[in-house]
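Single-letter residue listing:
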Amino acid sequence: MGGGSSRAATSGVRRAGPWRTDADDPLPATLAGIDALILAPTATPAALPLIGPALAAEVPVLALGDGARLLARAAGPDRGGSGAADPLLGGADPLLGGAGAPHGFRVGASAWGLPDPDEAGCEVLRRFAELVAGRAETTATRAFFTPRAAAWEERFAYQTPAYEAAVARMRLRPGQRALDLGCGSGRALPALRELVGPSGTVIGVDLTHAMLTAAARAGRGGPARLLLADCGRLPLAAGAVHGIFAAGLLDHLPRPDGALREWARVTAPGGELLLFHPSGRAERAARHGRAVSPEDPLAEPNLRPALEAAGWHLAAYEDAATHFLARARR
């Protein structure tokens, strides 16, 4: 990571290394591949086009000196405050919390401004680097889905009947509690509500604010509660739910085995997990111009032992041309 001294004086931290304006790198058109932004003390308004999308996608931002003033300008008057708890990481503010912390402000859960960078020192930079590394997968997910969220419902509305048919395969009863993990715009939420009835509970969980906004805009905040959370670290008690629906999720997670264990933890004995996709594995692989990988975590020889090790029993497995479905019991 590093700050530049010319043009926008901004750094975009990528997995392959930093982007720096003082090295005459072009301003990136999107946040794809960028794990964090650093607005240096000499930042100019040329950096503003990147700050708004970074705030929307919760890409970590550290703004120093004039960069902090640009961050405040981009965030507007309601810019949050220092020392608040992080809704995903929990505890005190990871940069500004604790004794001897520098004076600064926070915007949302992922951006910090330090008007006096000399006060920050290496400690804040070290904390920021740790935070960026710990959030790399989360940042990549949000940077991908945030700009697509507004059109997601319209683009995939035709799949809603397939989602409804898949949910109907779950053995949920009125009064029970159900989760839709990685709910996106919430196509499965009304069908889950039908199963558990008015006395039951339905929660749609997603990692991306913009997706939950799309779900609310589509009217899915009525049938369900919408929760911002990491599906690998759910803020739920053990045995809290009776059924989990997860569409197009498991094979995109960095640690699918850990996710299956976490989902088993929050599911009561006898509860169900339904993994679904509205197209089969072969069709999806062909769509991306590749063959089905034997390492695919959804392949039955991989999925069955992973489920068993996590505390699930695979009761049904279908990998058809028109859909993928795996139903497991806790």
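Located above this text is the structure these notes cover.
Criteria and thresholds
- Residues numbered from 1 in each chain as written.
- Predicted model: local features only at pLDDT ≥ 70, side-chain atom pairs only at ≥ 80, totals over all residues.
- Heavy atoms only, no water.
- Buried < 20%, exposed > 50% of the residue type's maximum accessible area, 1.4 Å probe, protein only.
- Helix = DSSP H or I, 4+ residues; strand = E, 2+ residues; numbered from the N terminus.
- Pairing = 2+ DSSP bridges.
- Axes fitted to C-alpha atoms, helices over the stretch in contact; angles between N-to-C directions.
- Contact = heavy atoms within 4.5 Å.
- Salt bridge = Lys/Arg side-chain N within 4 Å of Asp/Glu carboxyl O.
- Phe/Tyr/Trp six-rings, centres within 6.5 Å; stacked < 30°, edge-to-face > 60°.
- Lys NZ or Arg CZ within 6 Å of the ring centre and 35° of its normal.
- Polar contact = N/O pair within 3.5 Å; in protein donor to acceptor, adjacent residues only side chain to side chain.
- Core = buried A, V, L, I, M, F, W, Y, C linked by side-chain atoms within 4.5 Å.
- Arc of directions from axis to C-beta.

**Student:** Explain the pairing of strand E4 (residues 61–64) here, please?
**Tutor:** In regular strands, side chains alternate between the two faces of the sheet. Of the two faces of E4, the one holding Val61 and Ala63 and the one holding Leu62 and Leu64 are both buried throughout. Bridge count for strand E3 (residues 34–39) against E4 is three bridges, and the pairing is parallel. For leucine 37, the partnering residue across the bridge sits in E4 and is valine 61. With four bridges connecting them, E4 and strand E6 (residues 111–114) associate as parallel partners. Residue pairing for E6: valine 61 is matched across the bridge by alanine 111.

**Student:** How do you make sense of the sheet that holds strand E13 (residues 324–329) when you look at a structure like this?
**Tutor:** Consider a sheet: its strands pair through backbone hydrogen bonds, and that pairing is either parallel or antiparallel. Ordered by their spatial adjacency, seven strands build an open sheet running E9-E8-E7-E10-E11-E13-E12, and the pairing between neighbours is mixed. Lying at the two open borders of the sheet, with one neighbouring strand each, are strand E9 (225–228) and strand E12 (313–319). Across the sheet, the mean angle separating the axes of adjacent strands is 15° when strand polarity is ignored. Packing of helix H7 (residues 189–196) onto the sheet brings it into contact with strand E7 (177–181), strand E8 (201–206), E9 and strand E10 (241–247), and relative to E8 it is tilted by some 155°. Taken strand by strand, helix H9 (residues 256–265) contacts E7, E10 and strand E11 (267–277), and its axis lies near 135° from that of E11.

**Student:** Can you walk me through the pattern of salt bridges in this structure?
**Tutor:** Between side chains of opposite charge, a pair can form as their charged atoms come close. Going through the model one piece at a time under the given rule, you end up with 14 salt bridges. Shared partners join several salt bridges into a network, and the residues in it are Glu272, Arg327 and Arg329.

**Student:** Any chance you could explain the packing of aromatic side chains here in plain terms?
**Tutor:** We describe a pair of aromatic rings using the distance from one ring centre to the other and the angle between the two ring planes. What the rule picks out here adds up to eight aromatic pairs. Seen in terms of ring centroids, phenylalanine 144 and phenylalanine 145 are 4.9 Å apart; in terms of plane orientation they differ by 85°. Their pairing is edge-to-face. What makes phenylalanine 144 partly exposed here is its relative accessible area of 39%. Residues tyrosine 317 and phenylalanine 324 carry aromatic rings whose centres are separated by 5.4 Å and whose planes lie at 85° to one another, so their mutual orientation is edge-to-face. The partly exposed category is assigned to tyrosine 317, whose relative accessible area is 22%. Ring pairs connect the aromatic residues Phe144, Phe145, Trp152 and Phe156, which therefore count as one cluster. A cation over a ring is seen here: arginine 148 above phenylalanine 144, with NZ or CZ 3.8 Å from the ring centre.

**Student:** Please explain the side chain of glutamate 272 as it appears in this structure.
**Tutor:** Summarising the element assignment, glutamate 272 is placed in strand E11. By relative accessible area, which is 1% here, glutamate 272 ends up buried. A distance of 3.0 Å separates the side chain of glutamate 272 from the backbone nitrogen of arginine 171, its partner in a polar contact. The contact partners of glutamate 272, leaving out residues within four places of it in the chain, are Arg169, Met170, Arg171, His242, Gly243, Ile244, Thr267, Trp312, Arg327, Ala328 and Arg329.

**Student:** Is there a simple way to explain the side chain of glutamine 176 in this structure?
**Tutor:** Checked against the element boundaries, glutamine 176 lands in the loop between helix H6 (160–167) and E7. Assessed through its relative accessible area of 9%, glutamine 176 is described here as buried. Within the structure, the side chain of glutamine 176 is placed 2.9 Å from the backbone nitrogen of arginine 173, a separation counted as a polar contact. Not counting the four nearest positions on each side in its chain, glutamine 176 is found in contact with Arg171, Val196, Gly200, Thr201 and His242.

**Student:** Where do I start with the nonpolar core in this structure?
**Tutor:** Generally speaking, soluble globular proteins have nonpolar side chains that are buried together. Judged by nonpolar contacts, the single largest core of 32 residues is most densely connected at Leu179, Leu181, Trp263 and Leu275. Elements with a contribution of two residues or more to this core: E7, E8, E10, H9, E11, helix H11 (300–310) and E13. Sequence-distant contacts of leucine 275, defined by excluding residues within four places in its chain, comprise Ala246, Leu250, Trp263, Leu298, Leu303, Phe324, Leu325 and Ala326. Formed by 21 residues, the second largest nonpolar core is a distinct cluster that contains Ile34, Leu70, Val107 and Ala111.

**Student:** Just to check I follow, could you spell out the environment of proline 305 for this structure?
**Tutor:** Tracing the backbone through its elements, the reader meets proline 305 in helix H11. Sequence spacing of proline 305 and aspartate 257 is 48 residues, and the spatial spacing of their C-alpha atoms is 9.9 Å.

**Student:** Explain the environment of leucine 179 to me, please; I cannot follow it from the model alone.
**Tutor:** Mapped onto the secondary structure, leucine 179 falls in strand E7. Classification of leucine 179 by relative accessible area gives buried; the value is 0%. For the pair formed by leucine 179 and tryptophan 263, sequence separation is 84 residues and the distance between their alpha carbons is 9.8 Å. Not counting chain neighbours up to four residues away, the residues in contact with leucine 179 comprise Leu192, Ile203, Val205, Leu234, Leu236, Val241, Gly243, Ile244, Phe245 and Val266.

**Student:** Would you take a moment to explain unusual backbone geometry for this structure?
**Tutor:** Across residues other than glycine, the phi torsion is negative in most instances, and most of the peptide bonds are trans. With a phi angle near 55°, glutamate 58 is a residue other than glycine that sits in the positive phi range. Structurally, glutamate 58 can be placed in the loop between helix H1 (48–57) and E4. Taking relative accessible area as the criterion, glutamate 58 reaches 11% and is therefore assigned buried.

**Student:** Can you help me understand helix H5 (residues 149–156) in this one?
**Tutor:** Because each turn of an α-helix spans 3.6 residues, side chains separated by three or four positions in sequence point in the same direction. Among the residues making up H5, those that are buried are Ala149, Trp152, Glu153 and Phe156. Buried residues in H5, looked at end-on, bunch into an arc of 100°, giving them a common side. In this structure, H5 carries Ala150, Glu154 and Arg155 as exposed residues pointing more than 90 degrees from its buried face. Looking at the buried residues of H5, the elements they touch are helix H4 (136–145), H6 and helix H8 (209–217).

These figures come from the coordinates and say nothing about function on their own.
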